[in-house]
Structures are given as C-alpha cells and as structure tokens.
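The chain contents come next:
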Amino acid sequence: MKVLITGGGSEEPIDNVRSVCNFSTGRTASFLADFFADSGFEVTALMAEKAVKPSRSITRVLTYKTFAQLKSALEEECRTGHYNAIIHAAAVSDYSPETIQVDGKSYKAGEVSKVPAGTELVIRMKKNPKLVDSLKKNAGKDCTIIAFKLTSNATVPERQAAVNKIFSANSEKSLVPDLVVSNDLSEITAAAHPCTLYKNNMTVAGTVQNLKELADFLCKYIKGEKS
C-alpha cells in the first residue's frame, strides 16, 4: 500500500531574509513515515525544508518551503502517486504576506532584498485556501484522507468545533477527510502526545496517548482493520 505523509511548517517570505513561519518541527510526520515504512508501506514524505526528516532509507522524501510549493507538490503527487492514503500533518500557513510597505512605499512580498533596520514595516496578508479540502478531489474518493487539527489551550468543545469546521468546509460530503486527528499543544510533551480521532460524522474513532499508539491506530485503520 502507498501512503503520502506531509509534515513541518511552511515559510512565507517577507523579504529575502525574513519570513512568517510557525513552530512545527515535523516530528510527528517523520515518526509516522518511519513507522509506516517499517510496517511495509511504500511511503512518500513531503516535508518542510527545515523539518525533522524520516530516517528510513526506504522512505522517499520530498521537500517544500512555501505554501505555493506545498500546494504544487501535493497536487502533483495526488495526480500521479496513486496513493491508498494521505496523512496531512503539515502545519500549513493560513496566511501569506502579499505586500509590504517600507516607510510608506509598497512592494510585493519577497521583492525587497532586505528591509533596512529602523524603517517602519507594514505587512498585508492574504488568506490561503485550505489544501485538505481538495485532497480527495485530486487523489480520488477511494483514497483515505487523514487530517490533523492542532489547537492551543482549547476546551474539549472548542477542539470539537475546530474539527467539525474541517468536516463542514466542503459541501460535497464524499470529499471531506475520513478522519481528523485532534491534538492540543498544552498536552504535548516529549513523552506524551494525546490525540482524539474523529470520523466525519463527528463520532470518536479512538483515543491515543502517544505517537506510537497513533501510528499503530492509523496503520490499522488504513489497512481496513478498524472501522
């Protein structure tokens, strides 16, 4: 079976030396990629340039930096990869710098070599589309799609609302993800990574306490051993 796993966080340029980014390390995605490779899957890992990379030599690793690069790579892999499953764990930028103003003069983001120190900088952001919404359309409805939703210090109802928003974003229900993995930053430590997995009818498919349990659950789910 073939699986595509995305991980790490995208970087969006402000100028040639500065960017907007997030704190995602890619650790979860790289762990899953190694686990699935060890379990006999043919794995492609699509990882951010600065993310932790899978260690298994049998894992095919592609890299991206920006939202646009991730979007392009995902579309290409969906078209040509013939994947049984896509685990979309990347921390994708919701916004990208569109234009910047340096002392009142406007430039396209990334166009300026380096904004001089001491100048006034204003950044105008544009909203990026949700990549998870197009995965089943591009990869085929038979492809199992597993999305991730990270919250921070959220209550259980707030986490459920965030998950439901992913399932509700696409009006065509056959194109929504099969599972969403909900995890909260406040509960993640070096040893623990609690997650609740939701089906697209918002029932709980399972709960896990660490990455090994998560990887084992997802592996069995994709193989059809869990419903």
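Above: the structure in question.
Residues numbered from 1 in each chain as written. Predicted model: local features only at pLDDT ≥ 70, side-chain atom pairs only at ≥ 80, totals over all residues. Heavy atoms only, no water.

Participant: Can you walk me through the sheet that holds strand E9 (residues 121–127) in this structure?
Facilitator: Pairing between the strands of a sheet is mediated by backbone hydrogen bonds and can be parallel or antiparallel. Read across the sheet, 3 strands follow the order E8-E7-E9 without closing on themselves; strand pairing throughout is antiparallel. The open sheet is flanked by strand E8 (105–108) and E9, the only strands paired with a single partner. Between one strand axis and the next, the sheet turns through 30° on average, direction left out of account. In the sheet, strand E7 (residues 95–102) pairs with E9 via 7 bridges, with the strands oriented antiparallel. When the bridges of E9 are listed, Pro97 appears paired with Met125. (Pairing = 2+ DSSP bridges. Helix = DSSP H or I, 4+ residues; strand = E, 2+ residues; numbered from the N terminus. Axes fitted to C-alpha atoms, helices over the stretch in contact; angles between N-to-C directions.)

Participant: Would you explain the sheet that holds strand E11 (residues 179–184) in this entry?
Facilitator: Reading across the sheet, the 8 strands line up as E5-E4-E1-E6-E10-E11-E12-E13 and stay open at both edges, with mixed pairing between neighbours. Looking along the sheet, the strands with just one partner apiece sit at the ends: strand E5 (60–64) and strand E13 (204–208). For this sheet, the mean angle separating the axes of adjacent strands, direction not counted, is 15°. Direction of pairing for strand E10 (residues 144–151) relative to E11: parallel, over a ladder of 6 bridges. Bridged to Ala147 within E11 is Val180. Taken strand by strand, helix H4 (residues 156–168) contacts E10, E11 and strand E12 (195–199), and its axis lies near 150° from that of E11. (Contact = heavy atoms within 4.5 Å.)

Participant: Looking at this structure, I do not really get the layout of surface pockets. What am I missing?
Facilitator: Which parts of space are left empty comes out when a probe the size of a water molecule is rolled across the atoms. Taken as a whole, the largest pocket holds about 1300 Å³ of empty space. Along the walls of the largest pocket sit 42 residues, with Ala90, Ala91, Val92, Phe148 and Leu150 positioned nearest its centre. Of all the secondary structure elements, the ones that give two or more residues to the lining of the largest pocket are helix H1 (27–38), E10 and H4. The element that contributes the greatest number of residues to the lining of the largest pocket is E10, accounting for 5 residues. For the lining of the largest pocket, the per-class residue count stands at 21 nonpolar, 14 polar and 7 charged. Roughly 240 Å³ of internal volume is contained in the second largest pocket. In terms of lining, the second largest pocket is formed by 13 residues, of which the most central are Glu12, Ala68, Ser96, Pro97 and Lys126. Elements with a minimum of two residues in the lining of the second largest pocket: strand E2 (12–13), helix H2 (67–80) and E7. The element best represented in the lining of the second largest pocket is E7, accounting for 3 residues. (1 Å grid on protein atoms, 1.4 Å probe; cavity = no way out; pocket = protein on both sides within 12 Å on 5 of 7 lines; lining within 4 Å. Points joined across faces, edges and corners; volume = space filled by probe spheres on them. Nonpolar A, V, L, I, M, F, W, Y, C, P; charged D, E, K, R; others polar.)

Honestly, that's just the spatial picture; any functional story needs more than this.
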